[in-house]
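So you can see what is in the structure, the chains are spelled out below.
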Amino acid sequence: MNEETRQNLALGLISVRDNQSSPVAPGVTQLTLKFVNVCFVAEPSQDRWVLVDAALPRQEGKIIAWAKRLFGDRPPAAIILTHGHFDHIGSALALSRHWQVPLYAHPLEFPYLTGSQPYPPADASAGGGVISRLSPLFSRGPYHFNEVLSPLPEDGSVPGLDSWRWLATPGHSPGHVSLFRQEDKTLIAGDAFVTVQQESLGQVILQRTRLSGPPRYFTQDWGQAFESIKLLAQLAPAMATTGHGPPVGGALLTNGLEHILNHFHADHMPKHTFMH
Ligand SMILES: [Zn+2]
Ligand SMILES: [Zn+2]
């Protein structure tokens, strides 16, 4: 069995929300594909939109079809990657070529996106459920996006989206970023935290809402991951879409973030990991 076959077996997981969209906030639409979300973000006053993240491989047809439904033939101004894990970049190159638009990511993700370095091995013993045990089958790259990849602007601006800012939220990966719109406190959190317990196959299939720390098997630095969630909680987001699970807002989001921070060691980190 080659790597891709094994990975596809592991990814035979399709959530009950596959190919369904959910409104998040004005101009912000989350689309769930298998067990991963991408996000369409429009800047209505300027007639522009961007795609955040690019799902698993071979999802480009569905993403293009949804984009047509939402924006007609208008291509996005950019594709922004919250980080470079396989489940967020799988269709990135195909989409970038189709729309002739650049991919943007934080420079600290570049080694994994420009062929120089794979992500560290997944932690199969991270616990939380069967997906952790399957995680060594997941692709770790590196990926070869050199021709279309650009660094996110250093000033925190988001290409194509004037009312949004990106924030460094490292930990799950070194160059992980989140996007925030101050005017209505909408947050796109990538995998900094998620709204379904991502390690559990049952929870992923049902997409039962439960705020949870970053997917454990791929998280590189737990100390940074904690600080990043603290930073996001301090923004007091009103509504959040994350890489996995349904959009969450209001008290569920506020209390959920507080709960993660208060129980980070006990409930959200692998048992064998110590923060330094
Ligand atoms: Zn990830
Ligand atoms: Zn993910």
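Above this note sits the structure.
So, here is what we can say about the structure in this document. Note that this is a predicted model, so its numbers are computed, not measured. (Residues numbered from 1 in each chain as written. Chains lettered and ligands numbered in written order. Predicted model: local features only at pLDDT ≥ 70, side-chain atom pairs only at ≥ 80, totals over all residues. Heavy atoms only, no water.)

### Regarding the overall build of the protein
For the protein, the helix and strand inventory stands at 10 helices and 13 strands. For 276 residues, the compact-globule formula gives about 19 Å, and the C-alpha radius of gyration of the protein, at 17 Å, lands near that figure. Expressed along its principal axes, the backbone C-alpha trace of the protein runs to roughly 50 × 45 × 35 Å. Within the protein, buried positions represent 55% of all 276 residues. Considering only contacts in the protein between residues 6 or more positions apart, those separated by 24 or more positions represent 64%. For the protein, the accessible area works out to roughly 11,000 Å², and carbon and sulfur atoms hold 54% of it. (Helix = DSSP H or I, 4+ residues; strand = E, 2+ residues; numbered from the N terminus. Rg over C-alpha atoms; globule rule 2.2 N^0.38 Å. Buried < 20%, exposed > 50% of the residue type's maximum accessible area, 1.4 Å probe, protein only. Contact = heavy atoms within 4.5 Å. Areas by Shrake-Rupley, 256 points an atom, 1.4 Å probe, with all protein chains shown as cover.)

### Observations concerning the nonpolar core
By size, the foremost hydrophobic cluster in this structure holds 42 residues, and its most contacted members are Phe40, Leu51, Ile63, Trp99 and Phe145. Among the secondary structure elements, those contributing two or more residues to this core are strand 2 (28-33), strand 3 (36-43), strand 4 (48-52), helix 2 (60-71), helix 3 (86-89), helix 4 (92-99), strand 6 (103-105) and helix 5 (110-113). Element by element, the count of residues in this core is highest for helix 2, at 5 residues. Setting aside residues up to four positions removed in sequence, Ile63 forms contacts with Leu33, Val38, Phe40, Leu51, Ala54, Ala55, Leu95 and Trp99. (Core = buried A, V, L, I, M, F, W, Y, C linked by side-chain atoms within 4.5 Å.)

### What to know about the packing of aromatic side chains
Two aromatic rings, taken as a pair, are described by how far apart their centres are and by the angle between their planes. For the structure on display, the rule yields 13 aromatic pairs. Geometrically, the ring pair formed by Trp49 and Phe71 is stacked, given 4.3 Å between the ring centres and 15 degrees between the ring planes. Taken as a pair, Trp49 in strand 4 and Phe71 in helix 2 lie far apart in primary sequence, 22 residues in all. One aromatic cluster in this structure is built from Phe40, Trp49, Phe71 and Trp99. (Phe/Tyr/Trp six-rings, centres within 6.5 Å; stacked < 30°, edge-to-face > 60°.)

### Re the pairing of strand 9 (residues 161-168)
Pairing of strand 8 (residues 157-158) with strand 9 involves 2 bridges; the strand directions are antiparallel. By the bridge assignment for strand 9, Ser157 is matched with Arg165. As paired strands, strand 9 and strand 10 (residues 177-181) are joined by 4 bridges and run antiparallel to one another. Counted as the bridge partner of Leu167 is Ser178 from strand 10. (Pairing = 2+ DSSP bridges.)

### Observations concerning helix 2
For helix 2, which comprises 12 residues, the first-to-last C-alpha distance of 16 Å matches the rise-based estimate of 16 Å (1.5 Å per residue) to within 8%. Turning to helix 2, its buried residues number three or more, namely Ile63, Ile64, Trp66, Ala67 and Phe71. Looking down the long axis of helix 2, one finds its buried residues gathered within 165 degrees of arc, a one-sided arrangement. Downstream of helix 2 by one or two residues, Gly72 has phi in the positive range, about 65 degrees. (Expected span 1.5 Å × (residues − 1). Arc of directions from axis to C-beta.)

### What to know about the packing of helix 2 against helix 4
It is the contact of helix 2 with helix 4, at a shortest axis distance of 9 Å, that shows an interaxial angle of 45 degrees. As summarised for this structure, helix 2 and helix 4 are arranged oblique, according to the angle between their axes. Seen from above, helix 2 lies across helix 4 with right-handed handedness. Mapping the contact onto sequence places Glu60, Ile63, Ile64 and Ala67 in helix 2 and Ala94, Leu95, His98 and Trp99 in helix 4. In the contact of helix 2 with helix 4, the residues fall into 6 nonpolar, 1 polar and 1 charged. (Axes fitted to C-alpha atoms, helices over the stretch in contact; angles between N-to-C directions. Parallel < 35°, antiparallel > 145°, perpendicular 65-115°, else oblique. Left-handed = near helix turned anticlockwise from the far one by under 90°. Nonpolar A, V, L, I, M, F, W, Y, C, P; charged D, E, K, R; others polar.)

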